[in-house]
Amino acid sequence: MKILVVGNGGREHALAWKLLQSPQVEQVFVAPGNGGTAIMEKCQNVPLAVDDFAGIGSFAQKNNISLVVVGPEVPLALGITDALQSQNIPVFGPSKVGAQIEASKAWAKALMEEAGIPTAKSATFTDAETAKAYVTQQGAPIVVKADGLAAGKGVIVAQTLEEAQTAITTIFKEGIGKSITQSPVPNPQSPVTVVIEECLIGEEASVLALTDGVTIRPLIPAQDHKRIGEGDTGPNTGGMGAYAPAPLVTPSLMERIEREVLERAIATLQKRQIDYRGVLYAGLMISPQGELKVLEFNCRFGDPETQAVLPMLETPLEELMLACVEQRLAEMPPISWKSGACVCVVMSSSGYPGDYPKGKEITGISSAESTGAVVFHAGTKFDQTLVTDGGRVLGVTAIGDNISSAKALAYKAVDRIQFAGAYYRRDISNKAIP
Ligand code: AMP
Ligand code: GLY
């Protein structure tokens, strides 16, 4: 079977790598891919942009692709699944309307309310003045969220009223998170919407689940590290590292997440006749008292969480994905996992998440992998040699008997990799180590 993965990050390298572990998968193509997917055996990059639906469709037809797996949220929100399905190409990933669960925070909030899913109290506004008045009335700390996709720049956890007001001004002035799809915004005259939310405290966890639109099966829980600095300081990033399974999500908490979050979400999507086949990712806040609330839903695999979760998976990934696409997930045996734990440390370019240089030569990956670690590429490319080509450059990943041993192995591999300006956090997974 031949599979086409859409995207170019560490998540897509991890997806291609895991898919190729199955003897059923003869070849994986990645559009457009990166330096890692370019050199992986049985893997080939295809120079097509993630939003070139016509190009992706005709490539899939010509090359007898059995399944297209969509990594990032933007093509999903733009309707890649609908476009390919209309050509009878099987796609793992929700339809355009289903992807609204990530592409519009207001839409997601309304769905959570309808479904009775525990989440932060919120209100939605389409003009800055009313939003500011609400913030003043609620007080700080408070969270300001741009409605649409904003590449990680759409959420401001404001400690003061002033910060919240400035965030609202900026979102409206710069049009941050302007809907790229036809999200049913309450005020069609205003392309900008903000969600103002109660500020929650606690520990975050990511639960990614596979669904065929009827049945939903969680993967092992993971924890991301969103801030650039050690001890969770500094600006937000796409994620500086992850580990799985996250002990914060105990078996009894996982049961509640299944019942109160995942099953309710799928039931409500079904009630709205939304055919959702792919990943439903719940970003959760667990309060010190063990109270559970959803911070956000994503319509895709998380990155870097996927790089820590997939290495632990034993069930062939393509079997699970096809079961989702063909709506027979309920017939699959329980998902099987390796014992132990996995830690992924992201190495980034200096300056990230702000401006950063590109084109810095990367060395030491073979030496890092000789320790048993796997190095997933994110922002890399081949330009005679392997060079940096993005903010997040590599995801250095290792499995161990437990989180501390996985962490030690991952950092042993990190220490063997060099590129000018390489930055990484030294404390990935510390929260899970007693
Ligand atoms: P989101 O894109 O909604 O996940 O938000 C990005 C990050 O902002 C989350 O991972 C949290 O760290 C933080 N965040 C979002 N919503 C809240 C909230 N209601 N209370 C506190 N922090 C939040
Ligand atoms: N790691 C966070 C995300 O994928 O959205």
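Look up: the structure comes first, before these words.
Source: prediction; values computed, not measured. (Residues numbered from 1 in each chain as written. Chains lettered and ligands numbered in written order. Predicted model: local features only at pLDDT ≥ 70, side-chain atom pairs only at ≥ 80, totals over all residues. Heavy atoms only, no water.)

*Asks:* I'd like a description of the site of ligand 1, backed by residues and values.
*Replies:* Inspection of the region around ligand 1 gives 15 residues, with Glu197, Leu200, Glu204, Lys226 and Glu296 positioned closest. Relative to its unbound accessible area of 470 Å², ligand 1 is 89% covered by the protein chains. For the shell around ligand 1, the secondary-structure elements that each account for two or more residues are strand 7 (142-146), strand 8 (155-158), strand 9 (194-198) and strand 17 (292-298). Of the residues in the shell around ligand 1, the class split is 8 nonpolar, no polar and 7 charged. (Near = heavy atom within 4 Å. Areas by Shrake-Rupley, 256 points an atom, 1.4 Å probe, with all protein chains shown as cover. Helix = DSSP H or I, 4+ residues; strand = E, 2+ residues; numbered from the N terminus. Nonpolar A, V, L, I, M, F, W, Y, C, P; charged D, E, K, R; others polar.)

*Asks:* Mind laying out helix 8 (residues 128-138), listing which residues take part and the relevant values?
*Replies:* Here helix 8 has its buried residues at Ala128, Ala131, Lys132, Tyr134 and Val135. Down the axis, helix 8 shows its buried residues gathered within 160° of arc, on one side only. Exposed and oriented more than 90 degrees from the buried face of helix 8 are Glu129 and Gln137. Close packing links the buried residues of helix 8 with strand 6 (122-125), strand 7, helix 9 (161-174) and strand 9. After helix 8 finishes, the residue Gly139 shows a positive phi value of roughly 85°. (Buried < 20%, exposed > 50% of the residue type's maximum accessible area, 1.4 Å probe, protein only. Arc of directions from axis to C-beta. Contact = heavy atoms within 4.5 Å.)

*Asks:* Please provide a residue-by-residue account of the packing of aromatic side chains, values included.
*Replies:* Evaluation of the coordinates by the stated rule reveals 6 aromatic pairs. Ring centres 5.2 Å apart and planes at 80° place the aromatic pair Trp17 and Phe376 in the edge-to-face group. Separated by 359 residues along the polypeptide, Trp17 in helix 1 (residues 10-19) and Phe376 in strand 19 (residues 374-377) bring together distant segments of the chain. Judged by its relative accessible area of 18%, Trp17 falls in the buried class. Look at Phe376 and you get buried, because its relative accessible area is 0%. Ring plane angle 75° and centroid distance 5.0 Å describe the contact between Phe29 and Phe59, whose orientation is recorded as edge-to-face. Of this pair, Phe29 sits in strand 2 (residues 27-32) while Phe59 sits in helix 3 (residues 53-62); the two residues are 30 residues apart in sequence, bridging distant segments of the chain. Taken individually, Phe29 and Phe59 each receive the classification buried, so the pair is uniform in this respect. Lying across the ring of Trp107, Arg272 places its NZ or CZ 5.1 Å from the centre. The ring of Tyr281 is capped by Arg300, whose NZ or CZ atom sits 5.9 Å from the centre of that ring. (Phe/Tyr/Trp six-rings, centres within 6.5 Å; stacked < 30°, edge-to-face > 60°. Lys NZ or Arg CZ within 6 Å of the ring centre and 35° of its normal.)

*Asks:* Go over the site of ligand 2, please, and point to the residues and values.
*Replies:* In the vicinity of ligand 2, the contacting residues are Asp224, Gly238, Tyr281, Asn298, Arg300, Gly302, Asp303, Pro304 and Glu305. Note that an oxygen atom of ligand 2 is positioned 3.4 Å from one of the side-chain N or O atoms of Asn298. In the model, a nitrogen atom of ligand 2 is placed 2.7 Å from a nitrogen or oxygen of the Glu305 side chain. Its free accessible area being 200 Å², ligand 2 has 89% of it covered by the protein chains. Taken together, the residues that form the shell around ligand 2 break down as 2 nonpolar, 3 polar and 4 charged. (Polar contact = N/O pair within 3.5 Å; in protein donor to acceptor, adjacent residues only side chain to side chain.)

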